[in-house]
Amino acid sequence: MRIALSVNGSVHEVDVPAHTLLVDVLREHLGLTGTHVGCDTSQCGACTVHADGRAIKSCSLLAVQAQDMVITTIEGIGDADNLHPMQASFREHHGLQCGFCTPGMIMQAIDLVENNSDLSNQGIRAGLKGNLCRCTGYHNIVRAVQAVADQRKAQGTAE
Amino acid sequence: MYSFQYHAPTSLAEANTLFTQADDPIYIAGGMTLIPSMKQRLAQPSDVIDLAAVDELRGVTVNPDSVVVGALTTHNQVAEHQALGSILPVLAKVAAGIGDNQVRNRGTLGGSLANSDPAADYPAAVVALGATLVTNQRRIHADEFFVDLFETALSPNEIILRVEFPVPQRAAYAKFANQASGYAVVGVLVADFGDSIRVGVTGAGPCAFRGCGMEQLLQADFSAGALANSEVPNAGFNSDMHASADYRAHLVRVMGQRAVQELLEAGS
């Protein structure tokens, strides 16, 4: 079936069977391979993207279901010259090793800081429950997210 | 995944017609269970009927003595709803503890209840709060809704529109979560309505049920200690790699005590 998807600010039309997952359209049809497929069983969070501003697992959504949503992938939040603050913080705090889980981690971490004004270490760990990392042991990821959360909080107080 | 026909009706009547005309149809809400099940080929419907565009299933209404939640309300919408959270905080807490954040952004109240997963959190709340499920055909009280493993009182073509939760004087939910999945190995919700106590248990049996024995003990003596030696018959309890039936019976007692403890501490 022919569907139209709004991804990273532009509308793309694709012709796919109804059972095609959103992540497959992103990667195979639109070439947005920053969104990864880790487990394909909703466990690992590597495929996390934003749908209408909230983090979802793109392996657990049919592309056709996403037709009326605004989708943002890791490619849509920044680029090499203009990193998103969360991307910059992951680099600064060495919040990645192999990098496979990182796009999903970052998309989820952005949802987390944007929807929680006061994040503790435990709150961040609970918030990242749906994202698995097999390299880092999570400590530096949590530090990276904490830094952005603290920065936002300080800015919020200043305003 | 097997192929299927996809439909996106915009009204209940249209959804109903599509369902009646299809070979082996299924309704989809958030799809957080259905899509993984279809990927594993545990489900292979001929037609997937998406309820997302049916507006009758949306919206949250907060009244002084009840909270009405549309079936398509996501877990995060319940967890983050301020008016709901101030009058019925236990429901917001239950919702905030379901799965992970990405799942809470898609998974819905109606979908969770219609699925009746034995380890789901919401059923404990629906049972303990004595909620009423309003469908496109009738009203179903929580005590009559959960029937067995993944089985409810719903007929195949029946759609949950909304759930009406009476507001108790106070309530608390304690869950022993599986370390890996976060699913409730056992969850117990205790609600105090002043003239009655209701206890809802999930995770322990094939579907959520009322802890009637615990209710009687708490009616006589509302303290965690009252449940310390309560008899929890484990007949029919789930027994799997996560916990034996005996252990689940033990957890029902302990989670019941923790819920009462939390409730008493919150009130003091």
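Our subject is the structure that appears above.
Here the structure is a predicted model, which is why all the values come from computation and not from measurement.

Rules used throughout
- Residues numbered from 1 in each chain as written.
- Chains lettered and ligands numbered in written order.
- Predicted model: local features only at pLDDT ≥ 70, side-chain atom pairs only at ≥ 80, totals over all residues.
- Helix = DSSP H or I, 4+ residues; strand = E, 2+ residues; numbered from the N terminus.
- Rg over C-alpha atoms; globule rule 2.2 N^0.38 Å.
- Buried ≥ 20, exposed ≤ 12 C-beta atoms within 10 Å, placed from the backbone.
- Contact = placed C-beta atoms within 7 Å.
- Nonpolar A, V, L, I, M, F, W, Y, C, P; charged D, E, K, R; others polar.
- Pairing = 2+ DSSP bridges.
- Axes fitted to C-alpha atoms, helices over the stretch in contact; angles between N-to-C directions.

A.B. asks: How should the overall build of chain B be read in this particular structure?
C.D. replies: When its secondary structure is counted, chain B shows eleven helices and 14 strands. Computed over C-alpha atoms, the radius of gyration of chain B comes to 18 Å, within 12% of the 18 Å expected from 2.2 N^0.38 for 268 residues, which places it in the range of a compact globule. Expressed along its principal axes, the backbone C-alpha trace of chain B runs to roughly 55 × 45 × 30 Å. Burial status across chain B gives 48% buried among its 268 residues.

A.B. asks: Teacher, can you tell me more about the interface of chain A and chain B here?
C.D. replies: Between chain A and chain B, the residue contacts involve 22 residues of the former and 18 residues of the latter. Secondary structure elements with two or more residues in the side of chain A that touches chain B: β4 (54–57) and α3 (102–115) of chain A. Sorting elements by how many residues they give to the side of chain A that touches chain B places β4(A) first, with four residues. Across the side of chain A that touches chain B, the residue classes tally to eight nonpolar, ten polar and four charged.

A.B. asks: Help me understand the sheet that holds strand β5 (residues 70–72) of chain A, please; the structure alone is not making it clear to me.
C.D. replies: Hydrogen bonds between backbone groups are what pair the strands of a sheet, and the pairing can be parallel or antiparallel. Residue and element names in this part refer to chain A. Read from one edge of the open sheet, five strands run β2-β1-β5-β3-β4, paired in mixed fashion. The open sheet is flanked by β2 (10–15) and β4, the only strands paired with a single partner. Each strand of the sheet is rotated relative to its neighbour by a mean of 40°, with strand direction disregarded. Inspection of the sheet shows strand β3 (residues 48–51) paired to β5 by two bridges, in the antiparallel sense. Residue pairing for β5: H50 is matched across the bridge by T72.

A.B. asks: Sorry if this is basic, but what is going on with the environment of A:L32 here?
C.D. replies: All names here are of chain A. Looking at where L32 falls in the secondary structure, it is placed in the loop between α1 (22–29) and β3. In this structure, the C-alpha to C-alpha distance between L32 and E75, residues 43 residues apart in sequence, is 7.2 Å. When residues no more than four places from it in sequence are discounted, the contact partners of L32 are L26, R27, T73 and E75.

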